[in-house]
Amino acid sequence: MASKIVNMVRLLAPKVPLLVSTTVVHYAYGPAKPSWSIRFSVTMALLRAFVAHLNEVPVSQSQIMSKMTDEKAPVNDGATATEAVVSKHYRQKAAEIMERLLSLQGIDSTKLGWDWKNDPAAAEPLLGEWTETKVKGDNYNEGRTILYLHGGGYFLASVRTHRWATWHMARSAGAKVFSLEYRLAPDSPFPAAVQDALSAYLYLLNPPADSGITPVDPKNIVIMGDSAGGGLTYGTMLAIRDAGLPVPAGVIGWSPWLDLLHSMPSVLLNAGSDYLPAEGFTQGGQGSLKRIAKLAEAVEANYVMQHHPDLPEIQYYASNAVLDCTYVSPLVEKNMEGACPMLVITGDGEMLRDESIVFAKKNANASAPIQLLIYDDMPHVFQMFDFLPSAADAIQRSANFIRQVTVGGEGVEKKSSYRVNVNGELRGLEDDAVVGWETRVGKLGGGQEVLVQL
């Protein structure tokens, strides 16, 4: 016990000035958002400090720091976690699919910027983790399966860092959860993550005979993820559809990163109420609108990225030449016919808010049902803050969606867009939530008219 206290003091002592300043600002000037308690203001300040530290060290060190051991991220006492290996056969099949899909879009290794078909990391086992509750509740369905794709900007985090999410969803949705350890950038950029996610989907549909895993009906699979994992969820679903494979029962994105072109205004406007770096991870990727404008100006570009190969790479995950690929930035997809039911959940205070709103708006007339929920005052992936009522509400609504779209469920309404207050009450989304989005989609930073003003 004494050693734990000493370790806690060592951890918190350097943060005392931050804790004091945050407390003073909270009470003297008010929180960043009206509903934030002092506990949440402090939590956000500490998280911002951690993310800022990740941004100050080399990428390889950031990756080590962002991954956790079993000791630091233990399996919940109410759950079991079992490691699984997706055999090379599935990766090879997924590679064939991706090669065909990329060829149809005119994308080759030159555009991708690397020899993706000969990635040394692809020789390593593709690992996953099955999570399920020890005690099965009344809501449990034996075949119901969630394929979970963790967030982390496509270059951070792991299955372990997101055990909080897989546990919550296994318990709330009454499902088994398969969380995937997909390859990360910058060593394995696009299309590696999509290839691995496709591999896992093929594995679930038709597992090896000696695996002990029962094949899962696609009508009983929901793919979901948070942040980059949310964007990967939608990119994977589009790849599944375009490949002619049976689409899953549904997909869910928590704060999904749908637009790697950073074309929407909230990337800039909401920096003060989120914990993501306002200027992006400046080791070389994930630039904000201001950072993109600075880079473009530095090389005297005319802000049309595809015509300026001298512009530094904007993202770790994908080369500039393919940021407008639908499997990279699903926001640019023009045809959602043949897609499965979709649920998009975002926070009103987060930097990625507008791309979720626009994704729902531009696809509102598609035959596939799409539901949008925007939670008042909430930052990026607020579901991880389990002391927030909004987090519990979003998790429960996600679980309800999963039960509705899988086998035995009653289905979901075709289209809905709601704001959700801190008490869980719904109200309609205003029509002018993102003004001028039609002229910004698919353009780096929203286009030249936007960037020249920054």
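See above for the structure.
These figures come from a predicted structure and were not determined experimentally. (Residues numbered from 1 in each chain as written. Predicted model: local features only at pLDDT ≥ 70, side-chain atom pairs only at ≥ 80, totals over all residues. Heavy atoms only, no water.)

A. Main features of the packing of aromatic side chains. Per the counting criterion, the structure on display carries 14 aromatic pairs. Taking the centre distance of 5.8 Å and the plane angle of 90° together, the rings of Tyr-90 and Tyr-203 count as edge-to-face. In this pair, Tyr-90 sits in helix H5 (residues 88–104) while Tyr-203 sits in helix H8 (residues 192–205), placing the two residues 113 residues apart along the sequence. With relative accessibility at 3%, the residue Tyr-203 sits in the buried group. For the ring pair Tyr-234 and Phe-359, a centre distance of 5.2 Å and an interplane angle of 70° mean the geometry is edge-to-face. (Phe/Tyr/Trp six-rings, centres within 6.5 Å; stacked < 30°, edge-to-face > 60°. Helix = DSSP H or I, 4+ residues; strand = E, 2+ residues; numbered from the N terminus. Buried < 20%, exposed > 50% of the residue type's maximum accessible area, 1.4 Å probe, protein only.)

B. Fine view of the pairing of strand E6 (residues 250–254). Counted residue by residue, E6 has 5 buried out of 5 residues, so it is predominantly covered. Of the two faces of E6, both are covered, the one formed by Gly-250, Ile-252 and Trp-254 as well as the one formed by Val-251 and Gly-253. Where strand E5 (residues 221–226) meets E6, 5 bridges bridge the pair, whose relative direction is parallel. Pairing of Gly-225 across the sheet is with Gly-253, part of E6. The parallel pair E5 and E6, bridged by helix H9 (residues 228–242), forms a crossover whose chirality is right-handed. Both E6 and strand E7 (residues 342–347) contribute to a ladder of 4 bridges, which runs parallel. From the neighbouring strand, Trp-254 faces E7, where its bridge partner is Ile-345. (Pairing = 2+ DSSP bridges. Right-handed = clockwise from strand over helix to strand, strands pointing away.)

C. Just unusual backbone geometry, in detail. Of note, the amide linkage connecting Ala-185 to Pro-186 takes the cis form, showing an omega dihedral of 0°. By the element assignment, Pro-186 lies in the loop between strand E4 (176–180) and H8. A cis amide bond, omega 15°, links Phe-190 with the succeeding residue Pro-191. Structurally, the position occupied by Pro-191 is in the loop between E4 and H8. The phi dihedral of Tyr-154 falls on the positive side, at around 70°, and the residue is not glycine. Within the secondary structure, Tyr-154 sits in the loop between strand E3 (145–149) and helix H7 (163–173). Judged by relative accessible area, Tyr-154 falls into the buried class, the value being 1%.

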